[in-house]
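What follows is the residue order along each chain.
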Amino acid sequence: MHHLILGAGPAGVIAAETLRKHAPGDRITLVGDEAEPPYSRMAIPYLLVGDIDERGTYLRKRADHFAQQRIDRLSARAAGVDVQARTVTLEGGVTLAFDRLLIATGSHPVRPPIPGLDLPGVQTCWTLADARAIAARARRGARVLQMGAGFIGCIIMEALQKRGVQLSVVEMGDRMVPRMMGAVAGGMIRDWCERQGVQVFTGHKVERIARAQGEGGDALRVHLSGGRVLDADLVISATGVRPAIGFLAGSGVTCLQGVLTDERMQTNVPGIYAAGDCAEAFDPFTRKTVVSAIQPNAAEQARVAALNMLGLPAALAVVTQINVLDTLGLISTSFGNWQGVPGGEQVALTDAAAGKHLSLQFEGDRLIGCNSVGMTQHVGAMRGLVEGQVRLGPWKEHLRRDPTRLMEAYLACAQAQGHWSGAQDARRR
């Protein structure tokens, strides 16, 4: 049996290792589109700060790890899939046959239609090559403008600030992290960043980028909506990512936002699976398909996919929708359906002076989503209540009166409904 894995990020690596563990005699090929050994993109900010070197980003530290596992590695990019012939064509024309295929190609940065985006000094922050280019320009005192204040943008921001740059951030939305936070929470994060010395422009977009006349070198002039102009030595585009699935066009593999899968991570084509940031997985909790691009999902989806590729039944229990974000030292969280649902109820508690905010969303007597800023003590309870679909009963009204009683509610309700192990995990958090 030949298992072909497209993508050498966390999902691809975990799938390959799971296959090897349960099928010691099968052939496994891991295809990645970068020259470096498999690494974690989430480690790039630590690389930019200087906390680790490039080897510190590698998913497996031993140089011979994949050889020891008898996992063949190939540096190439997929160009197409023939589901009838059971082959993948790589850029350059090489064709690989497979018995089982896992699509774990992750995401790629969104490229906004902005004139000047190809100028020297305009950079994405997604690969190790990107990190090297940013490090060369983001020296102490350099003027850096970042486009985008979403989850990824806020992580990059902290690394840039620690490098001692003069940082400006431009976000099209009316608040920071608009896909993760409501108006109050997003506004609090903006205020916090400004107090840390970051210039933030929400409700603005970059209209064009040009060379700065008379400054020499590669200095840039960035024109914002509303007429404001900012000079920069480096512009970082962090305007979001989308699943890297363009090579599947016309293949017959069904794709919506991502590669559509069932709870076994199988696509509509038998023997072809998907996992990680490129997968739109069926979530038994919400009964919907969702792309949730966080590493815990990639790891679990890869494990489930690999087992099913071997004929060992496994099913995804949940697609975790959790974001915990550290923005220059301010911790914020987003769980589940933080925006609420039609007909649902919500309660919010805000202490702007203390930099604390908590928002809870209910459907019936269940907590279905929440936001928090500056309140880390509730993280475990929020996750347990949302993912466990715990019925709150009379505790719903207690929470409506005092949202900070989340741990009490979780322990009381989870114990009664047989979620005690989850409650213990929440207590440890």
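Computed from a predicted model, the values in this text were never measured in an experiment.

What counts, and at which threshold
- Residues numbered from 1 in each chain as written.
- Predicted model: local features only at pLDDT ≥ 70, side-chain atom pairs only at ≥ 80, totals over all residues.
- Heavy atoms only, no water.
- Pairing = 2+ DSSP bridges.
- Helix = DSSP H or I, 4+ residues; strand = E, 2+ residues; numbered from the N terminus.
- Axes fitted to C-alpha atoms, helices over the stretch in contact; angles between N-to-C directions.
- Disulfide = S-S within 2.5 Å.
- Buried < 20%, exposed > 50% of the residue type's maximum accessible area, 1.4 Å probe, protein only.
- 1 Å grid on protein atoms, 1.4 Å probe; cavity = no way out; pocket = protein on both sides within 12 Å on 5 of 7 lines; lining within 4 Å.
- Points joined across faces, edges and corners; volume = space filled by probe spheres on them.
- Nonpolar A, V, L, I, M, F, W, Y, C, P; charged D, E, K, R; others polar.
- Contact = heavy atoms within 4.5 Å.

Draft legend 1. Examining the sheet that holds strand β14 (residues 220–224) more closely. Spatially, β13-β14-β15 is the arrangement adopted by the 3 strands of the open sheet, whose pairing is antiparallel. For this open sheet the edge positions go to β13 (206–211) and β15 (229–232), each flanked by a neighbour on one side alone. In this sheet, neighbouring strand axes are inclined to one another by 25° on average, regardless of whether the strands run parallel or antiparallel. Looking at chain direction, β14 and β15 are connected through 4 bridges and run antiparallel. Bridged to H223 within β15 is V229.

Draft legend 2. Expanded view of the state of the cysteines. Taken as a whole, this structure holds 0 disulfides when the rule is applied. Cysteine C125 is unpaired, with the sulfur of C154 as its nearest cysteine sulfur at 13 Å. C125 sits in the buried class, given a relative accessible area of 10%.

Draft legend 3. Main features of the layout of surface pockets. Quantified by volume, the second largest pocket comes out at close to 260 Å³. Lining the second largest pocket, in full, are M42, P45, Y46, V49, D51, I155, E158, A159, K162, V324, L325 and D326. Secondary-structure elements contributing two or more residues to the lining of the second largest pocket are α2 (44–49), α5 (151–162) and β22 (322–327). No other element matches α5, which puts 4 residues into the lining of the second largest pocket. Classifying every residue of the lining of the second largest pocket gives 8 nonpolar, no polar and 4 charged.

Draft legend 4. Representation of the environment of G164 within the structure. Within the secondary structure layout, G164 lies in the loop between α5 and β11 (166–171). For the pair G164 and P115, spaced 49 residues apart in the sequence, the C-alpha separation amounts to 28 Å. Apart from the residues within four sequence positions on either side, G164 is in contact with R140 and G141.

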